[in-house]
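The primary structure of each chain is shown beneath.
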Amino acid sequence: METTTEDQRLDALFTALGDSTRRDIIARLSAGEATVKELAEPYAMSMQAVSQHIRILERSGLISRGRHRQTRPCRLEPTVLADAVSWIEESRRTWSERMDRLETRLAALQKGESQ
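Treat the numbers as computed from the prediction; the structure is a model and nothing was measured.

Outline a nonpolar patch on the surface, supporting the account with residue identities and numerical values.
A surface patch of nonpolar side chains, amounting to about 350 Å² of accessible area, comprises M99, L102, L106 and L109. Counting through the fold element by element, L102 comes out in helix α5 (residues 78-114). Classification of L102 by relative accessible area gives partly exposed; the value is 41%.

Right, dumping it as structure tokens:
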């Protein structure tokens, strides 16, 4: 199966969301911009480790970094989260339809056996 750009984007997105520290950073950025130093404060890890989490979030497109004087504040990019929600919803709909067809088929088979 060939990997498309869309697949690669979703892989990066779900990889980024697969870590609790990164999900926490996203939740904190939903309240507004913050510097890497501000984001690092509550964690018992090095600044380098937090920076690595930030880079992963940036590569996935979930956050971006601006420039304000001497700082480079991080900001959430919510449209990328909408892409994840869209993919999840489409998958849920597909599986729901498949389950409905399976239930219909099983009911028909059971009805046939009872006659």
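Further notes follow.
Residue-level account of the nonpolar core, with values.
Residues L29, I54 and L62 are the most contacted members of the largest nonpolar core, which totals 22 residues. Mapped onto this core, the elements with two or more residues apiece are α1 (5-17), α2 (20-29), α3 (36-40), α4 (47-60), β2 (74-76) and α5. Apart from residues no more than four positions distant in its own chain, L62 is found in contact with L13, A16, L17, I26, L57, R75, L76, E77, V80 and L81.

Give me the packing of α1 against α4: which residues, what numbers.
Following both chains from N to C, one finds α1 and α4 inclined at 150°, their axes separated by 8 Å at the closest point. Judged on the interaxial angle alone, α4 and α1 are roughly antiparallel. Regarding α1 and α4, the two cross each other, and that crossing is left-handed. When α1 is examined against α4, the residues A12, L13 and A16 are found in contact with a partner set consisting of I56, L57 and S60. In the contact of α1 with α4, the residues fall into five nonpolar, one polar and no charged.

Pulling in residues and values, what's your account of α2?
For α2, the full list of buried residues reads T21, R22, I25, I26 and L29. For α2, the angular spread of buried residues about the axis comes to 140°, placing them on one side.

Tell me what's going on with the packing of α2 against α4, and back it up with residues and numbers.
Remark: α2 packs on α4, axes separated minimally by 10 Å, with the N-to-C direction vectors making an angle of 70°. Taken as axis vectors, α2 and α4 run roughly perpendicular relative to one another. Contacts between α2 and α4 involve T21, R22, I25 and I26 from the first element and H53, I54, I56 and L57 from the second. When grouped by side-chain class, the residues that make up the contact of α2 with α4 number five nonpolar, two polar and one charged.

Parameters at a glance
- Residues numbered from 1 in each chain as written.
- Predicted model: local features only at pLDDT ≥ 70, side-chain atom pairs only at ≥ 80, totals over all residues.
- Heavy atoms only, no water.
- Patch = residues over 30% accessible without salt bridge, like charges linked within 9 Å, V, L, I, M, F, W, Y side chains within 5 Å.
- Areas by Shrake-Rupley, 256 points an atom, 1.4 Å probe, with all protein chains shown as cover.
- Salt bridge = Lys/Arg side-chain N within 4 Å of Asp/Glu carboxyl O.
- Helix = DSSP H or I, 4+ residues; strand = E, 2+ residues; numbered from the N terminus.
- Buried < 20%, exposed > 50% of the residue type's maximum accessible area, 1.4 Å probe, protein only.
- Core = buried A, V, L, I, M, F, W, Y, C linked by side-chain atoms within 4.5 Å.
- Contact = heavy atoms within 4.5 Å.
- Axes fitted to C-alpha atoms, helices over the stretch in contact; angles between N-to-C directions.
- Parallel < 35°, antiparallel > 145°, perpendicular 65-115°, else oblique.
- Left-handed = near helix turned anticlockwise from the far one by under 90°.
- Nonpolar A, V, L, I, M, F, W, Y, C, P; charged D, E, K, R; others polar.
- Arc of directions from axis to C-beta.

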